[in-house]
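A closer look at the structure
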Amino acid sequence: MTGKRCVIIFSARMKKITYSLNYRKPKNQYFDHDELVVCLRYYHSIGNGKYKVTKKSTGIKCKLEDWDTDWHKSNNRHPIKSSDPDYLEKNTLLKNLSVELHSHAKNIKVSNGVLNSKIPEGSLDMKWTNHKNNVRLVSPANKRNIDVIVVGTGLAGGSASATLAEQGYNVKAFCFQDSSRRAHSIAAQGGINAAKNYQGDGDSVYRLFYDTIKGGDYRSREANVYRLAEVSTSIIDQCVAQGVPFAREYGGLLDNRSFGGVLVSRTFYAKGQTGQQLLLGAYSAMNRQIARGKIKMYSRHEMMDIVIIDGKAKGIITRNLVTGEIESHSAHAVVLASGGYGNLFYLSTNAMGSNVSAAWKVHKKGAFFANPSFTQIHPTCIPVSGDYQSKLTLMSESLRNDGRIWVPKKLEDAKKIRNNILKPTDVPEDDRDYYLERRYPAFGNLVPRDVASRAAKERCDSGYGVNKTGEAVFLDFSSSIIRYGKEKALVKGLDVNDLNLIKSLGEDVIKAKYGNLFQMYEKIVDQDPYKTPMMIYPAVHYTMGGLWVDYNLMTTIPGCYAIGEANFSDHGANRLGASALMQGLADGYFVLPNTINDFLADDIKTGPIDNELPEFTQAKKSVEDSIEKLMKINGTKTVDYFHKKLGKIIWNNCGMSRNSVDLKSAIKEIQKLKKQFYSDLLIPGDQFSFNEPLAKALRVADFMELGELFALDALKRNESCGGHFREEFQTKEGEAMRNDEEFTFVSAWEYNKVIENSTLHKEKLLFDNVELKNRSYK
Amino acid sequence: MLKKLFNSSIGRKIAMALSGIFLIVFLTQHFLINITSVFSDSLFNWLSHFMGTNPLVQFVLQPILIAGVLFHFVMGFILDYQNRKARPVNYAVFSGSKNSLMVSRYMILSGTVILSFLGLHFYDFWIPEMEYKYIEFKPDDPNRYHHELVEKFQDPIKVVFYCISFVFLALHLVHGLASSTQSLGTSNRYSSLIKKISYSFGIFIPLGFCFIAIYHFLSH
Amino acid sequence: MKLFLKIWRQKDSKEKGKIVNYEIDKISEDMSFLEMMDVLNEKIVLNGGDPVAFDHDCREGICGSCSMFINGEPHGPDRGVTTCQLHMRKFKDGDTIYIEPFRSRAFPIIKDLVVDRTAFDRIQQAGGYISINTSGNTLDANTIPIEKENADKAFDAATCIGCGACVATCKNSSAMLFVSAKVSQFSLLPQGKVEATDRVLNMVKQMDLEGFGNCTNTGACHVECPKGISLDYIAKLNTEYAKASLKK
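Residues numbered from 1 in each chain as written. Chains lettered and ligands numbered in written order. Predicted model: local features only at pLDDT ≥ 70, side-chain atom pairs only at ≥ 80, totals over all residues.

This part covers the overall build of chain C. Scanning chain C from N- to C-terminus turns up nine helices and seven strands. Expressed along its principal axes, the backbone C-alpha trace of chain C runs to roughly 60 × 35 × 35 Å. Long-range contacts, defined here as pairs at least 24 residues apart, represent 70% of the contacts in chain C between residues at least 6 apart. (Helix = DSSP H or I, 4+ residues; strand = E, 2+ residues; numbered from the N terminus. Contact = placed C-beta atoms within 7 Å.)

The structure is reproduced here in structure tokens:
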């Protein structure tokens, strides 16, 4: 495509220069490293207001990112030699022109080669409104003729299914669990952010936006994050209307608490079970639509592949986990809400069944996978206790509101504690190192997760760890217990000097806030956290990376959407606490149901899609083949053996801190492990029955491939940002060092059979509304 | 409306509770009259004669009572049958004792014992009474009741059987009263009080009946 | 420690099942019950057998997937936990442990210890929701203040994880605790009161259709409930149902 644009610049002496720009493709598809061709024409006046061309340039190329106001100075970019008699004058003209071109280059929708993020025009705060006003709609009568598949029924999938069905679409919802209510969103504990500013502490949509962008270490898309902050308030309204029992104050209004990385209280919560309550809200909205016949629910079904017809997503292939049957399901659009892939690490706080397969299958069929290595390692989890361990348990970040994190100051104390000679409660106050308060006085124990996790690792690596394995730090509630106890005693007019009374009053307050978490801890560790400090250690918790999506949440496959944790869009390189729930519900309730109409508007006349089209039978056949392939190996090692090994490789080489040597060796190790997987795997039973090892093997097969891309992505990002910490790129104090010059982009990977050769596409991130600063929580 | 109510599981549960409470009221009344036999022949005779001859009691309350008893038993058996059907395959190990009171799990058993006792009791008192009044049309004798009562308790085997039955009655009442109020929706806020009342009532009344039987056995 | 396991094995919903004996050794007391099962399954698979199927997912006591009837009690001998949170320190070396599926006519067995609990979903579909659309254009969340006591009670009811322990342990296989928790959560909140009458009638109707037994107030459900849902809610359900029936 060629577009032209001419600007005429008159000189004082009635000479002029014009230029034209040759576009080789739509303006908004330009990426920074693309070149723009400028043709210049020099004229001289021949009287009567007429001009004659003196000289034509053959076209000067310059990369978009290199345009600047000194563009003309560079010798190789302008055709005017000093031998030219009008050399000086022409150069003045050129200088003026270069200013013009500079602003023009900036105005070209810088984007991203094949990646078109489709960010709407307008100022940041009007983008979403404008976009909603401009997208096409589908009439209710036509919606009845359109089917949508939603894979996953967590917060994002559940809320999307309910809303799409509410609007009139026929929804087919799939989950691998026995009921949609069991999706892993249910395990989210702490809360959900919303810019309601009920506390009057200066919160606003802009602040939530800013905190999220900053918390994500400037690696997320401005427009998406602003939209997220904007719709966050509706989420709370919606959930309250649905009967979600959020915590309330005595006056009957909603209560808030504070989370890491922010200085306001904007987190709504329901004790330590916020995720559960929100999910049950979405589940109830789904139930209403199931009862109306608008959602057909397929539980115990796993998505095995996506079906693409004429370049558009038209259905999925599933495996019935009870009967083993391979089924085809067709629709006019496919929405992936299949969650994150933290289970790549084997040990994580994810549910046992959480997997990447749906997203990976879509990736293999052409959707780009963005920032795969951006993983959140949550600082407060119960430490690993042995090799048999199957999963890690999170202790909500909200605990950091009242718990103080410390290790002993003296190495010998740490050693004694490890050997059970010294009790933590016997370590005097002066000998405790509250390292977060020490290093980050402004945010203290409430620094963002990535910062807190790295600090814990640093202390433990230096030998101050406090459990048997030396990989744990203390989270101590004793001072909060005393503080709350005194407060309560004063209110009740009791003796504030009676330490036992104060403690028991304080424990009651803590119990009311975190009772279920404390109970959970006690059951697992067999220690009473009211009396002795909790032991915690970072663990894999959330994956910011995911399928690349545009502003409409559509992947690079037309008609295939990704929402919630499955996409990459809002959290950049690090997610703030209580934002996952917000994003899941925002995507599902409010964003996708608006943007998907635009795509489905083309389908009002399509009619039902036959699920026996050749594309379906082909996809089905290849799924059956891949299952057969695994079943036939008949080796000697169980699936868990491979999964554990893979997890160890990833954790040790691509965990909380990474370096290029380890990352390179991880890629090699994974490749080796993958070979062994396909030659020595043992799956019992047959494929046409309830066969959990087979289901697991299919998931682990995809984890193997993802693992390689994960390491590759981490290797190619030569900077430290958010959860991605490269040892080569750190400040003297050990803080992460970003490289905004070279890495302010989203890495979107295009699949290649040889994972190492996957193509990297860069989506340049533009920050028009915030200034990229060094993220400091000091 | 009512039909719908009593066709549902909760409706039947409420019906069981209501009939149970009705029977408890009757039982209390029965006990209060019987206990007079211990200290006053004449009061007992007078009360018994009133109950035995008053047309309201005889032709309105008595049929209602019999209907109530029949309903409670029949419904109890139906519910038990349905409940058994709700678990077609039984557990190999079932540790009910760890989470509930034995009495609450064996209401059907205590109920069945009480039913068989009622058979004997009817045979002992009610059938002769009915014969006396409505079949043989014997003359009205306001002073016969006390001495008839005492006579019945001269057989030690019968007294033992009565007492055993009263133990089962106690077991039934201890859970029954509290359970009825729960079925009717009393809040747990009062549950400890209700449990106490239920225990005391459930033990006191059958104990009282035992006392009456043994007293008459021993005192003559 | 060494353990003797007696586990219910059943190939699928149609075939008859039976108890099968297993022996397992070197179990650490810090393991969770399901991790012990993982160890057992690994051993079975390596010996060429079919591993014991059981439902599990989050392994932190909130998803409600795990459902084992251990030594006569759902989720085993500990209180306030699900099977995945039960730790082996609750058992002794040499113990014999019976492991059975949750049994009820309404929970047909799928395989071994896996049962089909979709009856619960259908009860919820019958009315376990508030009929509002999901546009987000409702009242501001703080428009209606809710008495803290009621909000807390509604929350306590809403903590139900739908695991089915109440049904499994009830001698009558009654689902009253589950249904009452859901009905109460909504009826305690002003938003839910609007539809309270229809909701309770429809949900109880569905509960009866699913083939659960009748409640006889033994209270076992409350004791075994991993979330300790109170019997109060059952009492509340009874009155609500009675009132609703009289209204309609």
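Additional details are given in the paragraphs that follow.
Glancing now at the overall build of chain A. Counting secondary structure elements, chain A contains 19 helices and 25 strands. With the C-alpha coordinates aligned to their principal axes, the bounding extent of chain A is approximately 100 × 65 × 55 Å. Across the 778 residues that make up chain A, the buried fraction comes to 56%. If you take every contact in chain A between residues at least 6 apart in sequence, the share linking residues at least 24 apart comes to 71%. (Buried ≥ 20, exposed ≤ 12 C-beta atoms within 10 Å, placed from the backbone.)

Residues and elements named next belong to chain A. With antiparallel pairing, the four strands of this open sheet are ordered in space as β22-β16-β24-β25. Because the sheet does not close on itself, it has two edges, and the strands there are β22 (546–547) and β25 (759–764). With six bridges joining them, strand β24 (residues 745–750) and β25 adopt antiparallel strand pairing. Bridge assignment links Val746 to a residue of β25, and that residue is Glu763. Where helix α18 (residues 692–716) meets the sheet, its contacts fall on β16 (369–370), β24 and β25, and the angle it forms with β24 comes to roughly 145 degrees. (Pairing = 2+ DSSP bridges. Axes fitted to C-alpha atoms, helices over the stretch in contact; angles between N-to-C directions.)

Facing 38 residues of chain B, the contacting portion of chain C comprises 41 residues. For the side of chain B that touches chain C, the elements supplying multiple residues, two or more each, are α1 (2–7), α2 (9–39), α4 (55–85), α5 (102–105) and α8 (156–183) of chain B. It is α2(B) that provides the largest number of residues to the side of chain B that touches chain C, a total of six residues. Split into classes, the residues belonging to the side of chain B that touches chain C amount to 14 nonpolar, 17 polar and seven charged. (Nonpolar A, V, L, I, M, F, W, Y, C, P; charged D, E, K, R; others polar.)

Time to look at the interface of chain A and chain C. Across the contact, 66 residues belong to chain A and 67 residues belong to chain C. Broken down by element, the side of chain A that touches chain C gets its largest block of residues, nine residues, from helix α7 (residues 274–291) of chain A. A per-class count over the side of chain A that touches chain C returns 27 nonpolar, 25 polar and 14 charged.

Further remarks concern helix α12 (residues 478–492) of chain A. Residues and elements named next belong to chain A. If you check α12, its first and last C-alpha atoms are 21 Å apart, about what 15 residues at 1.5 Å a residue would give, namely 21 Å. Looking at α12, one finds that the buried residues are Ile481, Tyr484 and Gly485. Projected down its long axis, α12 carries its buried residues within an arc of 105 degrees, all on one side. Among the structural elements, α13 (499–525) are those in contact with the buried residues of α12. Gly493, located one to two residues past α12, shows a positive phi value of around 70 degrees. (Expected span 1.5 Å × (residues − 1). Arc of directions from axis to C-beta.)

Inter-chain contacts occur across two pairs of chains; the most extensive set of contacts lies between chains A and C. Contact between chain A and chain B is absent, and the minimum C-alpha spacing across the pair is 20 Å.

All names here are of chain C. The assigned domain composition of chain C is domain 1 (3–111) and domain 2 (118–247). Here the C-alpha centre of domain 2 lies 29 Å away from the C-alpha centre of domain 1. Contacts between the two partners involve 18 residues from domain 1 and, on the opposite side, 16 residues from domain 2. Each residue belonging to the side of domain 1 that touches domain 2 can be placed in one class, and the counts come to eight nonpolar, seven polar and three charged. (Domains from an automatic or database assignment.)

Here the focus is the sheet that holds strand β18 (residues 404–408) of chain A. Within the open sheet, the five strands sit side by side as β17-β21-β20-β18-β19 (chain A). Their pairing is antiparallel. The open sheet has two edge strands, β17 (375–381) and β19 (432–433) of chain A, and neither has a second partner.

Here we take up the packing of helix α17 (residues 660–680) of chain A against α18(A). Residue and element names in this part refer to chain A. Look at α17 against α18: their axes get within 9 Å of each other, and the N-to-C directions meet at 165 degrees. Considering the angle they form, α17 stands roughly antiparallel to α18. The way α17 lies across α18 gives a crossing that is left-handed. Contacts from Ser660, Leu663, Lys664, Ala666, Ile667, Ile670, Gln671, Leu673, Lys674 and Phe677 in α17 reach Met704, Gly707, Glu708, Ala711, Leu712, Ala714 and Leu715 in α18. Grouping the amino acids of the contact of α17 with α18 by side-chain chemistry returns 11 nonpolar, three polar and three charged. (Parallel < 35°, antiparallel > 145°, perpendicular 65-115°, else oblique. Left-handed = near helix turned anticlockwise from the far one by under 90°.)

Counting 302 residues, the largest nonpolar core has A:Val335, A:Leu336, A:Val473, A:Leu547, A:Trp548 and A:Tyr561 as its most contacted members. Per-element tally for this core: the top contributor is α18(A), with 15 residues. If we skip the residues at most four places from it in the chain, A:Leu336 touches A:Val151, A:Gly152, A:Ala358, A:Ala359, A:Val362, A:Leu547, A:Cys560, A:Tyr561, A:Ala562 and A:Ala566. B:Tyr162, B:Phe166, B:Leu171 and B:Ala213 belong to the second-largest nonpolar core, a separate cluster that totals 17 residues. (Core = buried A, V, L, I, M, F, W, Y, C linked by C-beta atoms within 7 Å.)

This part covers the environment of B:Met107. Tracing the backbone through its elements, the reader meets B:Met107 in helix α6 (residues 107–135). Taking C-alpha positions, B:Met107 is 9.2 Å from B:Leu173, a pair spaced 66 residues apart along the chain. Apart from residues no more than four positions distant in its own chain, B:Met107 is found in contact with B:His172, B:His175 and C:Thr216.

Moving on: the environment of A:Ala370. Residue and element names in this part refer to chain A. Note on placement: Ala370 falls in strand β16. For Ala370, a count of 26 C-beta atoms within 10 Å gives the class buried. In sequence terms Ala370 and Leu422 are 52 residues apart; their C-alpha atoms lie 47 Å from each other. In this view, Ala370 contacts Gly545, Gly546, Leu547, Trp548, Phe568, Val746, Ser747 and Ala748; residues no more than four positions away in its chain are not counted.

Residues and elements named next belong to chain A. The buried fraction of helix α8 (residues 357–364) amounts to seven of the eight residues, a majority that puts the element mostly inside the structure. Here α8 has its buried residues at Ser357, Ala358, Ala359, Trp360, Lys361, Val362 and His363. Following α8 by one or two positions, Gly366 adopts a phi angle in the positive range, close to 125 degrees.

Bringing the confidence of the model for chain C into the picture now. Summing up the model confidence of chain C, the mean pLDDT is 96 and the portion of residues at 70 or higher is 100%. Overall fold confidence for the complex sits at a pTM of 0.90, while the interface term, ipTM, reaches 0.97. (pLDDT = per-residue confidence, 0-100.)

In this section: the packing of helix α7 (residues 196–209) of chain C against helix α9 (residues 232–247) of chain C. Between two packed helices, the angle of one axis relative to the other and the distance separating the axes together describe the packing. All names here are of chain C. Remark: α7 packs on α9, axes separated minimally by 9 Å, with the N-to-C direction vectors making an angle of 105 degrees. It follows that α7 is roughly perpendicular to α9 by the angle criterion. Of α9, the residues touching α7 (which contributes Ala196, Thr197, Val200, Leu201 and Val204) are Leu237, Glu240, Tyr241, Ala244, Ser245 and Lys247.

Attention now moves to the pairing of strand β21 (residues 534–543) of chain A. Residue and element names in this part refer to chain A. For β21, a buried count of 10 out of 10 residues is recorded, marking the element as mostly surrounded by other parts of the structure. One ladder, built from five bridges, connects β17 with β21; its direction is antiparallel. Considered in β21, the bridge of Gln376 is made with Tyr542. Examined bridge by bridge, strand β20 (residues 473–476) and β21 share three bridges and lie antiparallel to one another. By the bridge assignment for β21, Leu475 is matched with Met534.

What follows concerns the pairing of strand β4 (residues 50–56) of chain A. All names here are of chain A. Little of β4 sits inside the fold, with zero of its seven residues counted as buried. Two elements, strand β3 (residues 35–47) and β4, share six bridges in a ladder whose sense is antiparallel. Across the sheet, Tyr43 pairs through a bridge with Val53, a residue of β4. Count of turn residues in the β3/β4 antiparallel hairpin: two residues, of which Asn48 carries a positive phi of about 55 degrees.

Before going further, it helps to spend a moment on unusual backbone geometry. Of all residues except glycine, most have a negative phi; of all peptide bonds, most are trans. A positive phi angle is found at A:Leu553, which is not glycine, with a value near 70 degrees. You can see A:Leu553 is positioned in the loop between β22 and β23 (560–562). Residue class for A:Leu553 comes out buried when judged on the 26 C-beta atoms lying within 10 Å of it. Phi is positive for C:Lys26, close to 55 degrees, though the residue is something other than glycine. Its place among the elements puts C:Lys26 in the loop between β2 (18–24) and α1 (33–46). What makes C:Lys26 exposed here is the crowd of 8 C-beta atoms within 10 Å.

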